[in-house]
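# Notes for the structure review
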Amino acid sequence: MSLHTVARRLAFATCADLPSVQPDDAYLVSSLERLDIQPVVCVWNDPAVDWSAFDAVLIRTIWDYFKHHAAFLDWLDRLDRLGVPTINDSALLRWNSDKRYLLELARHDVAIIPTRPARAAELPDVLATMPGQEVVIKPTISGGAWHTLRGSAGDATFAQAVTQLPHDHDYLVQPFVPEIVSAGEWSLLYFAGQFSHAVIKRPAAGDYRVQGEHGGSAEPARPDDATLAAAERALAAVAAIGHGGHAYVRVDGVISQGRFLIMELELIEPFLHLAAQPAAAERLARDVAGRLAGHRDAAKILASAP
């Protein structure tokens, strides 16, 4: 059967603050429509949405999920019960939603920024073992530099700020990598396991956060072979852990002292830098179309089974 025979309905998951397709995803939506796929923008935690009316859910701009993590996990459980697949897969989304996955990657010999987990009450003791070091503290479940602090261990003002962090979160403590400011942070985009394109993100003057909402900027760049190899080792580790077959991933990292260190693997709702990459948007749309066709064929086989 042709992929174009019957239109499929795809929930394009977003958040209440972004109730429409964002500019970076506009060409992806038009590419899906050309493949007879009907993307319908749906707010992920809107109780009025009938998720069973869709062939699948493509996770896009759900940029508040980490503020409602329990509800997010419940939503994935509900989609699983309904038999509505997510892109990426729901098991992968659960795994990637807690940044302690970095420690699991490190156990698979992936080079990450050195990372120590700690409960909120343990942070002063952890910092006491790092006197004078410049560090970054972030929740294990977070995004967009939410509840993230940078400062020097042992500094009184920083210590006071640490005590103001929410006590109901767990945290990661990492050394601050100055190359984020001096050279920028890399984002490498992969679709269906294949490298697509990359950007370098830089913070605004006087800041360390590269996100656009904090004044950061991004520009296209071509990673060298060593950086690509390091990113692909990380993706191979994800597959070895049991989470292969992703439709999209953004590998974020920084080159420090000649090594590419993984900062994040964004497998839930990454900004994909597609606005200037229409061919990449088309590749992702074709991969989504193939996944929808596979889900539909699997459903037919199950329905016909005795």
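Residues numbered from 1 in each chain as written. Predicted model: local features only at pLDDT ≥ 70, side-chain atom pairs only at ≥ 80, totals over all residues. Heavy atoms only, no water.

This part covers the sheet that holds strand S4 (residues 86–87). The four strands lie next to each other as S2-S1-S3-S4, forming an open sheet whose pairing is parallel. For this open sheet the edge positions go to strand S2 (37–43) and S4, each flanked by a neighbour on one side alone. Of the strand pairs in this sheet, strand S1 (residues 8–14) and strand S3 (residues 56–61) are connected by five bridges, and their pairing is parallel. Bridge pairing in S3 links Thr-14 to Thr-61. Against the sheet, helix H1 (residues 26–34) makes contact with S1, S2 and S3, and its axis sits at roughly 140° relative to S2, the strand it touches most. Seen against the sheet, helix H2 (residues 69–82) touches S1, S3 and S4 and runs at an angle of roughly 160° to S3. (Pairing = 2+ DSSP bridges. Helix = DSSP H or I, 4+ residues; strand = E, 2+ residues; numbered from the N terminus. Contact = heavy atoms within 4.5 Å. Axes fitted to C-alpha atoms, helices over the stretch in contact; angles between N-to-C directions.)

What follows is about the confidence of the model for the protein. Residues of the protein with pLDDT of at least 70 account for 94%, and the chain-wide mean is 94. Contacts from residues 300–306, a stretch scored under 50 in pLDDT, to residues over four places away or in other chains number one contact. (pLDDT = per-residue confidence, 0-100.)

Here we take up the pattern of salt bridges. For the structure on display, the rule yields 16 salt bridges. The partner of Arg-100 in a salt bridge is Asp-170, with the nearest N and O atoms 3.1 Å apart. With a gap of 70 residues between them, Arg-100 in the loop between helix H3 (90–96) and helix H4 (101–107) and Asp-170 in strand S8 (residues 170–175) connect regions that are remote in the sequence. Residue classification places Asp-170 among the partly exposed residues on the basis of a relative accessible area of 27%. Between Arg-291 and Asp-287 there is a salt bridge, with the nearest N and O atoms lying 2.6 Å from each other. Of the two residues, Arg-291 and Asp-287 both sit in helix H9 (residues 278–304), four residues apart, roughly one turn of that helix. Judged by its relative accessible area of 18%, Asp-287 is buried. (Salt bridge = Lys/Arg side-chain N within 4 Å of Asp/Glu carboxyl O. Buried < 20%, exposed > 50% of the residue type's maximum accessible area, 1.4 Å probe, protein only.)

Moving on, we come to helix H8 (residues 225–241). Along its 17 residues, H8 runs 24 Å from first to last C-alpha, staying within 8% of the 24 Å computed at 1.5 Å per residue. Those residues of H8 not exposed but buried are Thr-227, Leu-228, Ala-230, Ala-231, Ala-234, Leu-235, Ala-237 and Val-238. Residues of H8 that are buried sit in contact with H3, H4, strand S9 (185–191), strand S10 (194–202), strand S12 (248–256) and strand S13 (259–266). Residue Gly-242 follows H8 closely and has a positive phi angle near 120°. (Expected span 1.5 Å × (residues − 1).)

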